[in-house]
Amino acid sequence: MVKPSKTAGKAKGGKNVKKQLKVKGGIASRYTTRNQALNRLQLKLADFRRLCILKGIHPREPKKKFKGQHKTYYHVKDINFLAHEPLLEKFRDLRSYERKIKRARAKKAYHAVDRLEEKKPKYGLDHLVKERYPTFLDALRDLDDPLTLAHLFAVLPADKRHGIPAEVLLESRKLSLEFQSYVTKVHALRKVFISVKGIYYQAVIHGQEITWLTPHALAQTLPEDVDYRVMLTFLDFYTSMLGFVNYKLYFDQGLRYPPVLDTRLEDAAGGIVAVIHDLADRMETDKEQGYAGGAKKKSAQAKLTESRLATLGDKLAQIGDGEVDEEAEAEAALRAERSDGEDDEEVEEEDELERAISLSAGGDPTAREDAKLCATLFKGMVFFIQRECPRDMMVFIIRSFGGEVCWEGEGSPYDESDGGVTHHVCDRPMEGKMLAQREYVVPQWVCDCANWRILIPCADYKPGIVPPPHLSPFVSKDDEGYTPDYQATLEKLQMQAKAAREGRSLADVSGDAGARMLTAEEEAEEEEREYARDLQREAKGIPYSRALQEGRDHTADSEEEEDDDEEEGSEE
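Since we're looking at a predicted model, the values are computed, not measured.

About the thresholds
- Residues numbered from 1 in each chain as written.
- Predicted model: local features only at pLDDT ≥ 70, side-chain atom pairs only at ≥ 80, totals over all residues.
- Heavy atoms only, no water.
- Pairing = 2+ DSSP bridges.
- Helix = DSSP H or I, 4+ residues; strand = E, 2+ residues; numbered from the N terminus.
- Axes fitted to C-alpha atoms, helices over the stretch in contact; angles between N-to-C directions.
- Contact = heavy atoms within 4.5 Å.
- pLDDT = per-residue confidence, 0-100.
- Core = buried A, V, L, I, M, F, W, Y, C linked by side-chain atoms within 4.5 Å.
- Buried < 20%, exposed > 50% of the residue type's maximum accessible area, 1.4 Å probe, protein only.
- Domains from an automatic or database assignment.
- Right-handed = clockwise from strand over helix to strand, strands pointing away.
- Salt bridge = Lys/Arg side-chain N within 4 Å of Asp/Glu carboxyl O.

(A) Layout of the sheet that holds strand S5 (residues 208-214). A sheet is described by the order of its strands in space; here three strands give the open sequence S3-S4-S5, paired in antiparallel fashion. Lying at the two open borders of the sheet, with one neighbouring strand each, are strand S3 (189-194) and S5. Averaged over all pairs of adjacent strands, the angle between their axes in this sheet comes to 15°, without regard to strand direction. On the sheet, helix H10 (residues 166-186) packs against S3, strand S4 (199-205) and S5 and is oriented at approximately 60° with respect to S4.

The structure is reproduced here in structure tokens:
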């Protein structure tokens, strides 16, 4: 056996030479594969995927895939972040508990299986919501996907084969109705578009635009090529997030959370009507008035007509008798008190509307004006919804824009025969059944009016005829470079409505719009001319600093000439 030499590791001069260890940096030290992450965290693939979804961690794409092209890579810092998550222990406990249940089921000890299912460990996601969204505005900015997924599962059927429990669907439906009720209460809805995929909504809350998609009210089928476990994991986090958001929204508005749910109306498929919410100090008053029970009541217009007729009859009786008795005076005083109470209710409604506008629009005057216009667009109108129309959608839109809604069936606040009904929303021809004092329109009229902030004439939206094209409010004509003919008609109606609100002539409003368009064109032409002048200076070899100074001098000279012209005009 050859012994190592004593002079090994020494140079010619007899000095020790230390080996230089190369520090591996770069891609290999910053990324890791999924299998390496699973071995480090001691998790199964399903638990690892669930943990990544809950924590908001996604795979990365390194520039150089050092372990192969068909591997999934994660950042090392993300895996270190997962290693300190408290949910790891919960997942391990759940895995061991699942093994106990499996053994008990194999032994046919069904009592033990039921006992273990009842004592199964549970985990909360509240700390993850606070961790991923430090502020409330951060949560509002990321609310599009949670609302879309919650509204999707709210209409899906419970299916044991796909692992969709009924409790999750009920929770999704409850949270969706609570959010819609808040949007209705504060009149925050801004845009509606009916498409083949579903119904797109957009609301403005605390200055943030929130857009979500809801499915049509049809029977939903469950496709087989969808991984519902992944969607349920997302929904698990989204329900916790929506619970926080709904509570904060209701608390800021001074509303009671959770809102009162009328179980009788919910059993009768009342939808959003079953969610009754109001200020905390007015909940008992509403119950006493019968609103929570869904009792029939008359519209404000019908009440006003009856009160006027009653007053007119009393006055005629007093004139015929020639004297006023004490009972008539008492009734008159009672009516005066009722009118004072109605005035107080109107003042309270105005204060509530102003508070809702300030919460949704903030201090922007343009946004406040638009919010006030949206909240009062259908004010004083009562819509009757025919049974073939989507009631939940119509109630949500009409109530959000200040109108009242009634329908045929249980829970309707007004009767169909109420004289105060102004619009009848139907999707089928009603020949021989139309009343002269009502307008008969299709549901598209409600959406178009809400999108354009005007009351469009109802002649083109009558049931039985082809309605005008349903234009999307999410598409800008400036981006597309094309203006449909019907959009030009609606813009003209908008200018007429604006002129009527401001008490100005249509020519003045059109002149302001034309002046704004002319100014934009002049700015574009001026930019082109300035660009041409810059090219000429560059060709002549004039430095940029000198050209800039010449431009300033030219501007100053032009301003002095304008001042001189103004002085001469004033002297004349």
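(B) Inspection of the confidence of the model for the chain at higher detail. Summary statistics for the chain give a mean pLDDT of 78 and a share of 69% for residues scoring 70 or more. Below pLDDT 50 for its whole length, residues 7-15 participates in six contacts with residues either more than four positions away or in separate chains. In the predicted structure, residues 277-297 sits below a pLDDT of 50 and forms 49 contacts with residues beyond four places in sequence or in another chain.

(C) View of the nonpolar core. Ranked by internal contacts, the top residues of the largest apolar core, which has 92 residues, are Phe 378, Ile 397 and Trp 445. For this core, the leading source of residues is helix H11 (residues 228-253), giving 10 residues. Residues lining this core come from more than one domain, with at least three contributed by each of domain 1 (27-84) and domain 2 (125-258). Setting aside residues no more than four positions away along its own chain, Ile 397 makes contact with Leu 189, Val 192, Tyr 201, Val 446, Cys 447 and Ala 450. Within the second largest apolar cluster, six residues are counted, among which are Tyr 97, Ile 101, Ala 104 and Ala 112.

(D) Fine view of the pairing of strand S9 (residues 404-407). Taken together, the four bridges between strand S8 (residues 382-385) and S9 define a ladder with parallel strand orientation. Within S9, the position partnered with Val 382 by the bridge is Glu 404. Considered for its hand, the β-α-β crossover made up of S8, helix H17 (residues 391-400) and S9 is right-handed.

(E) How the structure looks around the pattern of salt bridges. For the coordinates displayed, the defined rule picks out 15 salt bridges. Residue Asp 370 is joined to Arg 453 by a salt bridge in which the shortest nitrogen-to-oxygen separation is 3.0 Å. Of this pair, Asp 370 sits in helix H16 (residues 365-375) while Arg 453 sits in the loop between helix H18 (443-452) and helix H19 (477-480), placing them 83 residues apart in sequence. Relative accessible area serves as the criterion here: at 27%, Asp 370 is assigned to the partly exposed category. It is possible to trace a salt-bridge network through shared partners that takes in Lys 55, Glu 85 and Glu 131.

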